[in-house]
Amino acid sequence: MLTLGSLFDGIGVFPLAASRHGITPLWASEIEKAPISITRRHFPDMEHLGDITKLDGGKIPAVHVITFGSPCQNLSQMGNRTGLAGVKSILFYQAIRIINEMRDATNELFPVIAVWENVMGSLSSSDRMDFAAVLTALTGRAVSIPPSGRWAHAGMVRGGRPDLAWRLMDAQHWARPRLARRQRIFIVADFGGQHAHEILFKPRPMLQISPAGRESGLSAAQDHRGPVIETGGRIPVIRPFQLFRMRGAANDRYHVQFRDSFGFANDPFPTLLAGDVAPFAFWYEDDPMSGCISFPSELESKRLMGLPDYWTKYGAEGQEISSTQRYAALGNAIALPCADYIMAGISEVLNR
């Protein structure tokens, strides 16, 4: 039986993806009450270990796979850019400590695979030194910035343990209907062989976004796209506002770019943020004057992340999670199809 431990677990997207590919989520570490309650509801047998800073990797149950989306606040282009030295993002090193402690305690057997996820800004923060530090910490040897002075959106570090590969994945390209734009760096470190490139680069079939669908059993793909977009046969026109683009254009007084930030027909929904919800314009093709400006509902936000409709609504005791907590949890979450693809690769490699 393949097993998984999830550090900085959030609302359990890595455990969800793992379970869809025959990997059993054994434990999770998270400190936020609402996300813990959400994951307890979906994974009642998964142990919650609490604060990562208080864990000893040599004493917790050994697992085949450890996933960790460490805090991104200091790496994000929307954050303060203090990098891995920042008060939140420095917790990355706690995950590295736990991985090393577990490998020491198990004679280098576990974990076999480690997966790190973070924002695209990690490639450029601290004059691009932060990503070098991440690769160095995972491989245990110095990794320098490429001669070009920039990190590619995909790459590998080979010739030692672990075998390592990274890739920038944008969720909008990984499912139909199209998801929200969500560019994230994923690193796969293979301590047991040289299969990181297979896990992260090999083409493979994708599962349906939400085969389990709602708790009633109806798949999200069979259902309508939410109350705002329910059309009754009429053709809706939707223009997501690109707020980051809009704010920059307004600050620099770029009038054309400001108008363009109101969205084009082929624009994806912007990245969901933990502290903000981007609006969009909506109207019917045959009645443009009846349009409105609205915000994605929590249901639509889950679908934009590829998550089942019911995923964040209730906690472990059946209590409804507040809207504020649900939006924040979704803004911090991982898009399910990207996690799905990686877990499919891990399952394929480890089940040989």
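This is a predicted model, so every value here is computed, not measured.

S.K.: Would you explain the nonpolar core in this entry?
M.R.: As a rule of thumb, nonpolar side chains are buried together in soluble globular proteins. I11, L307, I342, M343 and I346 are the most contacted members of the largest nonpolar core, which totals 48 residues. Ranked by residues supplied to this core, first place goes to helix α10 (residues 336-350) with 8 residues. Not counting the four nearest positions on each side in its chain, M343 is found in contact with L4, F14, A17, A18, H21, I23, V65 and T67. A95, A114, L138 and L164 belong to the second largest nonpolar core, which has 34 residues in total.

S.K.: Teacher, can you tell me more about the pattern of salt bridges here?
M.R.: Pairing is possible between side chains of opposite charge, provided their charged atoms come close. One pass over the full model with this rule turns up 10 salt bridges. Note that E108 is salt-bridged to R103, the shortest N-O span being 3.3 Å. According to the relative accessible area criterion, E108 is partly exposed, its value standing at 42%. Notably, a salt bridge pairs D163 with R158, separated by 2.9 Å at the nearest N-O pair. Note on D163: relative accessible area 0%, which makes it buried. Because the salt bridges share partners, they merge into one network encompassing E298, E320 and R326.

S.K.: Honestly, the side chain of D130 in this entry has me stumped. Any pointers?
M.R.: Residue placement: D130 occurs in helix α4 (residues 129-139). A residue is classified by how much of its surface remains accessible, and D130, at 7% relative accessible area, is buried. Within polar-contact distance, the side chain of D130 engages the side chain of S125 at 2.6 Å.

S.K.: It is not clear to me how the packing of aromatic side chains should be interpreted in this structure. Could you clarify?
M.R.: This structure, assessed with the given rule, holds 13 aromatic pairs. Taking the centre distance of 5.9 Å and the plane angle of 80° together, the rings of W151 and W166 count as edge-to-face. You can see W151 sitting in the loop between α4 and β6 (154-157) and its partner W166 sitting in strand β7 (residues 163-170), a full 15 residues away along the chain. Exposure remark for W151: the relative accessible area of 9% places this residue in the buried category. Look at F258 and F262: their rings are 5.6 Å apart centre to centre, the planes differ by 80°, and that puts the pair in the edge-to-face class. Residue F258 is classed as partly exposed on the basis of its relative accessible area of 30%. By relative accessible area, which is 33% here, F262 ends up partly exposed. Over the ring of Y341 we find R204, and its NZ or CZ is 4.5 Å from the ring centre.

S.K.: Looking at this model, I keep getting lost on the sheet that holds strand β9 (residues 236-240). Mind explaining?
M.R.: Strand pairs in the sheet, formed through backbone hydrogen bonds, run parallel or antiparallel to each other. Read from one edge of the open sheet, 3 strands run β9-β10-β11, paired in antiparallel fashion. Pairing within the sheet leaves two strands with one partner each, and these edge strands are β9 and β11 (287-294). On average, each strand axis in the sheet is inclined to that of its neighbour by 20°, with strand direction left out of account.

S.K.: Teacher, can you tell me more about the pairing of strand β8 (residues 183-190) here?
M.R.: Consecutive residues of a regular strand have side chains that alternate between opposite faces of the sheet. Of all the 8 residues making up β8, 7 are buried; the element is thus mostly covered by neighbouring parts of the structure. Bridging between strand β5 (residues 113-119) and β8 involves 7 bridges; their strand directions are antiparallel. Counted as the bridge partner of W116 is I187 from β8. Inspection of the sheet shows β7 paired to β8 by 8 bridges, in the antiparallel sense. Following the sheet pairing, R167 is matched in β8 by F186.

S.K.: Sorry, what's going on with the sheet that holds β6 here?
M.R.: Within the open sheet, the 8 strands sit side by side as β3-β2-β1-β4-β5-β8-β7-β6. Their pairing is mixed. At either margin of the open sheet sits one strand with a lone partner, and together these are β3 (47-48) and β6. Bridging between strand β1 (residues 2-7) and strand β2 (residues 23-29) involves 6 bridges; their strand directions are parallel. Bridging from a neighbouring strand, S6 pairs with A28 of β2.

S.K.: Would you explain the environment of M246 in this entry?
M.R.: Here M246 lies in helix α6 (residues 243-252). For M246, a relative accessible area of 13% gives the class buried. Put simply, M246 and Q257 are 11 residues apart on the chain and 7.4 Å apart in space, counted from C-alpha to C-alpha.

What counts, and where the lines are drawn
Residues numbered from 1 in each chain as written. Predicted model: local features only at pLDDT ≥ 70, side-chain atom pairs only at ≥ 80, totals over all residues. Heavy atoms only, no water. Core = buried A, V, L, I, M, F, W, Y, C linked by side-chain atoms within 4.5 Å. Buried < 20%, exposed > 50% of the residue type's maximum accessible area, 1.4 Å probe, protein only. Helix = DSSP H or I, 4+ residues; strand = E, 2+ residues; numbered from the N terminus. Contact = heavy atoms within 4.5 Å. Salt bridge = Lys/Arg side-chain N within 4 Å of Asp/Glu carboxyl O. Polar contact = N/O pair within 3.5 Å; in protein donor to acceptor, adjacent residues only side chain to side chain. Phe/Tyr/Trp six-rings, centres within 6.5 Å; stacked < 30°, edge-to-face > 60°. Lys NZ or Arg CZ within 6 Å of the ring centre and 35° of its normal. Pairing = 2+ DSSP bridges. Axes fitted to C-alpha atoms, helices over the stretch in contact; angles between N-to-C directions.

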